Amino acid sequence: MQGLMQNKQLLISTLIEHAGLNHPEVQIVSRTCEGTIHRTNYATLRKRAKQLAKALLALGIESGDRVGTLAWNTYRHQELYFAVPGMGAVLHTINPRLFADQIEYIIQHAEDTVLFFDITFSTLLEPLLPKLKHVRAFIALCDIDQLPQNIPNCLSYEQLLREQNDEFEWPEFAETQAASLCYTSGTTGNPKGVLYSHRSTLLHAFTVCTVDGLQLSRKDCVLLAVPMFHVNAWGFPYAAAMCGAKVCFPAAQIDAASLCELAAQEQCTMSIGVPTVWLSVMDYLEHHPEKTKQLNINRIVMGGSATPRALIDRIQNNLNATTIQAWGMTETSPMGTIGNLLPEHMALEQSERFDIQSKQGRAIYGVEIRVIDDHGQVLARDGVSAGHLQVRGPWIVSAYFKADEQNILDAHGWFSTGDIACISAEGYLQITDRSKDVIKSGGEWISSIDLENTAVAHPAIQEAAVIGLNHSKWQERPLLVAIKRPDMQIDEQELIHFLSKRVAKWWLPDDVVFVQSLPHTATGKLQKNVLREQFKDFVFSSDRS
Ligand code: ADP
């Protein structure tokens, strides 16, 4: 027997309708690419999204067409977030930090029909123009007097909007229709396309707004320090419209001073971003204590790579804000687990709470997680048995866009994440490594993430990477490659001594190398494959005869 409730589809257009009508005056604040502050609100966002939807139709965009963006976090990009899927097309946000040939590859692979771009990206775009054979129009996110000269025949976004009024009814279609497309960074092989649906996007947004999720609400003013070309800015533009939260967009100014200035000026209550952003923010604030007093941030959501415990401590004790660590990936929309404390943890000592917050969090409703061994056996939730992390749920990928290999799930619908993890009895996930980075020493695994986090707890260490290299006796041993903080002194012996107090003896790196910089991917993750290549001829001191 069927239920007798309305089968109203979960469409992205319903979010902007809701926000425009129920939270019309809530502000949306952006730095523009020129550095000035622009203010709008949900009522205007709704109107302009409708004008934009009509402009897309006038350009000949049809349902299912891919619309590319090369853009920073601004209100115009937010308009595209609603108008493109709202009118039935697919928003394809392109990461401008990828190599030019990867950008070309994904625009071609997505078969983008039009491309919206911030004028700061016109030099990046220019050499690609002759190669982008599917793109029918290039639209600069600016007014007509600012059109870049080096992109022939490009159109002005503001002019396109001026040509349309806002009398527009959003079309109704199945919630399973594609809404947006993001490509993985592709550290090995070509980037792969993850195609989100309206339904997956809305279910994900509900989670961000739940109290035991990320508690986003109308009370919040959220600073988006995650780029909108990175997994839909973790779904926050959609979740913010759902609950009517005020949003602040930093555009390209994501340096610590600019972020702090915007957060202080707008009295942001929360922010989201990768740990490296918060490391630099905390460095900045510790040098400018007067700026800390101007801030009103009560929580920071961090993900994308492991959050060092020392950073959680600094944020709590110097900024009086709570760190909520989340784990996810492009394939998981991205929220998979969220690291809230449970009521029973409130009575714990602060340091014990930091231990829990250093883990990647618990599964949120909708996402199932498990770890399996090499033979497919499910491992116990005992906090020590580490294995391959698998996930499934309504906002987890089922297949990659236009991929030859369509079988990426096992027979029971589980997706293998490529992460090595364990799960505690309380359900907290702990990522110990990516499977390709794991260090196998004498048949046992050493967690490079644990070692890195412990190393950066030393005040003289700015960043650390641990890789496994061949060893004649142990198969592999860890090498620690570290960057010193400016003006700080430390040598190998002191660092090893520091680590020896905190990790098992057999985990201690055999050698430490200090460097000036470490290689990162376009999403700010350590590129361990590059580092392993760089050190492939390295011979450990313990292995020299
Ligand atoms: P994204 O582009 O969202 O960062 P990727 O697919 O490039 O997603 O990377 C996802 C990977 O990032 C995960 O598989 C995991 O290895 C790592 N990751 C994400 N969040 C965390 C976290 N909180 N702690 C440790 N690793 C994380």
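Look above for the structure.
Residues numbered from 1 in each chain as written. Predicted model: local features only at pLDDT ≥ 70, side-chain atom pairs only at ≥ 80, totals over all residues. Heavy atoms only, no water.

Remarks on the sheet that holds strand β4 (residues 90–93)
What the 7 strands build is an open sheet, ordered β7-β6-β5-β3-β4-β8-β9; its pairing is mixed. At either margin of the open sheet sits one strand with a lone partner, and together these are β7 (155–156) and β9 (193–197). Relative to β9, strand β8 (residues 178–183) runs antiparallel, the two being bridged by 5 bridges. By the bridge assignment for β9, alanine 178 is matched with serine 197. In this fold helix α7 (residues 198–209) packs onto β8 and β9, with an angle of close to 75° to the strand it touches most, β9. (Pairing = 2+ DSSP bridges. Helix = DSSP H or I, 4+ residues; strand = E, 2+ residues; numbered from the N terminus. Contact = heavy atoms within 4.5 Å. Axes fitted to C-alpha atoms, helices over the stretch in contact; angles between N-to-C directions.)

What to know about the packing of aromatic side chains
Using the criterion set out here, one finds 9 aromatic pairs in the structure. With a centroid separation of 6.2 Å and an interplanar angle of 85°, the aromatic rings of tryptophan 506 and tryptophan 507 are classed as edge-to-face. Of the aromatic side chains, those joined through ring pairs into one cluster are Trp72, Phe121 and Phe229. Here the basic side chain of arginine 362 rests over the ring of tyrosine 428, its NZ or CZ set 5.9 Å away from the ring centre. One cation-aromatic arrangement involves lysine 484 over phenylalanine 514; the distance from NZ or CZ to the ring centre is 4.6 Å. (Phe/Tyr/Trp six-rings, centres within 6.5 Å; stacked < 30°, edge-to-face > 60°. Lys NZ or Arg CZ within 6 Å of the ring centre and 35° of its normal.)

What to know about the packing of helix α1 (residues 12–22) against helix α2 (residues 42–58)
In contact at an axis separation of 7 Å, α1 and α2 are set at 140° when each is read in the N-to-C sense. In this view, α1 runs oblique relative to α2, as classed from their interaxial angle. The two elements α1 and α2 cross, and the hand of that crossing is left-handed. Taking contact as the criterion, the partners of Ile16, Glu17, Ala19, Gly20 and Leu21 in α1 are, on α2, Tyr42, Ala43, Leu45, Arg46 and Lys50. Per-class residue counts for the contact of α1 with α2 are 6 nonpolar, 1 polar and 3 charged. (Parallel < 35°, antiparallel > 145°, perpendicular 65-115°, else oblique. Left-handed = near helix turned anticlockwise from the far one by under 90°. Nonpolar A, V, L, I, M, F, W, Y, C, P; charged D, E, K, R; others polar.)

Here we look at unusual backbone geometry
The residue after serine 333, namely proline 334, is reached through a cis peptide bond having omega 5°. Here proline 334 shows up in the loop between β14 (322–328) and β15 (335–338). Phi angles above zero are rare outside glycine, and asparagine 232 is one such case at about 50°. Within the secondary structure, asparagine 232 sits in helix α8 (residues 231–234). Note on asparagine 232: relative accessible area 4%, which makes it buried. For aspartate 487, which is not glycine, the phi torsion reads 65° and is therefore positive. With respect to the helices, strands and loops of the structure, aspartate 487 is situated in the loop between β24 (475–484) and α16 (492–500). (Buried < 20%, exposed > 50% of the residue type's maximum accessible area, 1.4 Å probe, protein only.)

Things to note about the site of the ligand
By nearness alone, 17 residues border the ligand, and His230, Ala326, Asp419, Arg434 and Lys525 come closest of all. A distance of 2.8 Å separates an oxygen atom of the ligand from a polar side-chain atom of histidine 230. In this structure, alanine 306 approaches the ligand through a main-chain N or O atom, which is 3.3 Å from a nitrogen atom. Calculation on the ligand without its partners gives an accessible area of 560 Å², and the protein chains cover 95% of this total. For the shell around the ligand, the leading source of residues is β14, giving 4 residues. (Near = heavy atom within 4 Å. Polar contact = N/O pair within 3.5 Å; in protein donor to acceptor, adjacent residues only side chain to side chain. Areas by Shrake-Rupley, 256 points an atom, 1.4 Å probe, with all protein chains shown as cover.)

Considerations on the side chain of histidine 23
If you trace the backbone, histidine 23 turns up in the loop between α1 and β1 (27–31). Among all residues touching histidine 23, those that are not within four sequence positions of it are His18, Tyr42, Arg218, Ala241, Met242, Cys243 and Gly244.

Considerations on the pattern of salt bridges
If you walk through the whole model with that rule in mind, you get 25 salt bridges. Across the salt bridge formed by glutamate 261 and arginine 31, the nearest N and O atoms sit 3.4 Å from each other. Of the two residues, glutamate 261 sits in helix α10 (residues 256–266) while arginine 31 sits in strand β1, which places them 230 residues apart along the sequence. Arginine 31 gets classed as buried once you look at its relative accessible area, which sits at 5%. Between aspartate 510 and arginine 477 there is a salt bridge, and its shortest N-O distance comes to 2.8 Å. Of this pair, aspartate 510 sits in the loop between α16 and β25 (511–514) while arginine 477 sits in strand β24, and the two are 33 residues apart along the sequence. The residues aspartate 510 and arginine 477 share a single accessibility class, namely buried. (Salt bridge = Lys/Arg side-chain N within 4 Å of Asp/Glu carboxyl O.)

Digging into the layout of surface pockets
Reported here for the second largest pocket is a volume of approximately 800 Å³. Counting only elements with at least two residues in the lining of the second largest pocket, the list comes to α11 (275–287), α13 (309–319), β20 (428–434) and α15 (448–455). For the lining of the second largest pocket, the element with the highest residue contribution is α13, accounting for 5 residues. The class makeup of the residues in the lining of the second largest pocket is 14 nonpolar, 8 polar and 10 charged. (1 Å grid on protein atoms, 1.4 Å probe; cavity = no way out; pocket = protein on both sides within 12 Å on 5 of 7 lines; lining within 4 Å. Points joined across faces, edges and corners; volume = space filled by probe spheres on them.)

Details of the packing of α11 against α13
The contact between α11 and α13 brings their axes to 11 Å, and the two run at 40°. By the criterion of interaxial angle, the relationship of α11 to α13 is oblique. Of the two possible hands of crossing, α11 and α13 adopt the one that is left-handed. Contacts between α11 and α13 involve Pro275, Trp278, Leu279, Met282, Asp283, Leu285 and Glu286 from the former and Leu311, Arg314, Ile315, Asn318 and Leu319 from the latter. Of the residues assigned to the contact of α11 with α13, the class counts are 8 nonpolar, 1 polar and 3 charged.

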